[in-house]
Amino acid sequence: MKQNLCIMIVAGLFFAGCAANTPVKNTVVNPKAKNYTEAVESAAKTCKVDADCTSVKRGCCLCNGYAPVNKEAAAALQPMWEKECAMAACTLQMCYVEINTSCQNGVCVGTPKPMEDYMAY
């Protein structure tokens, strides 16, 4: 009986040690997000250079605006957007909500595009 208890304790410690050394997957989007909009808000914004950053739609409709995220997060969000927003009913209206993205102090940030970028000459 004592021998079985010792074996179980050693096996438990062994498995606990293995679990502690299992690498934790770093997610770029909260996998428990209830919807696309919540996933965008949780998306990673880390970067090293401007090229690491891009923008994604904040919601299904154009006038919801854009959010700056890193490119890995954008790739993870795309299938979610396609699934949730494929049949979204949006009004057709022009809105000036696009952003230019850049990396500032290791974080992707977005600034509104200048109005002249929308004008067709």
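To be clear, the structure that these remarks concern was listed above.
## Section: the pattern of salt bridges
- Tallying each qualifying case throughout the model produces 2 salt bridges.
- Residue Arg58 pairs with Glu41 through a salt bridge whose shortest N-O separation is 3.1 Å. Separated by 17 residues along the polypeptide, Arg58 in the loop between strand 1 (53-57) and strand 2 (66-70) and Glu41 in helix 2 (residues 36-42) bring together distant segments of the chain.
- Between Glu98 and Lys113 there is a salt bridge, with the nearest N and O atoms lying 3.1 Å from each other. With Glu98 in the loop between helix 3 (71-85) and strand 3 (99-104) and Lys113 in the segment after strand 4 (107-112), the pair connects residues that are 15 residues apart, well separated along the chain.
- Look at Glu98 and you get partly exposed, because its relative accessible area is 32%.

## Here's the deal with the environment of Asn35
- With respect to the helices and strands, the residue Asn35 is situated in the loop between helix 1 (2-20) and helix 2.
- From its side chain, Asn35 meets the backbone nitrogen of Thr37 in a polar contact 3.2 Å long.
- Within the structure, the side chain of Asn35 is placed 2.8 Å from the backbone nitrogen of Glu38, a separation counted as a polar contact.

## A word on the state of the cysteines
- All told, the structure shown has 3 disulfides when counted by the stated rule.
- Sulfur-sulfur distance for the disulfide between Cys47 and Cys103 comes to 2.0 Å. An S-S torsion of about 95° defines the bridge between Cys47 and Cys103 as right-handed. Taken together, the residues span a long stretch of sequence, with Cys47 in the loop between helix 2 and strand 1 and Cys103 in strand 3 at a distance of 56 residues. One exposure class covers both Cys47 and Cys103, and it is buried.
- A sulfur-sulfur separation of 2.2 Å characterises the disulfide bridge that pairs Cys53 with Cys108. Taking the torsion about the sulfur-sulfur bond, which here is approximately -85°, the covalent link between Cys53 and Cys108 counts as left-handed. One end of the pair, Cys53, is in strand 1; the other, Cys108, is in strand 4, with 55 residues separating them in the sequence. Judged on exposure class, the residue Cys53 and its partner Cys108 are both buried.

Basis of the calculations
Residues numbered from 1 in each chain as written. Predicted model: local features only at pLDDT ≥ 70, side-chain atom pairs only at ≥ 80, totals over all residues. Heavy atoms only, no water. Salt bridge = Lys/Arg side-chain N within 4 Å of Asp/Glu carboxyl O. Helix = DSSP H or I, 4+ residues; strand = E, 2+ residues; numbered from the N terminus. Buried < 20%, exposed > 50% of the residue type's maximum accessible area, 1.4 Å probe, protein only. Polar contact = N/O pair within 3.5 Å; in protein donor to acceptor, adjacent residues only side chain to side chain. Disulfide = S-S within 2.5 Å.

Fair warning: the whole summary comes from geometry, so function is off the table for now.
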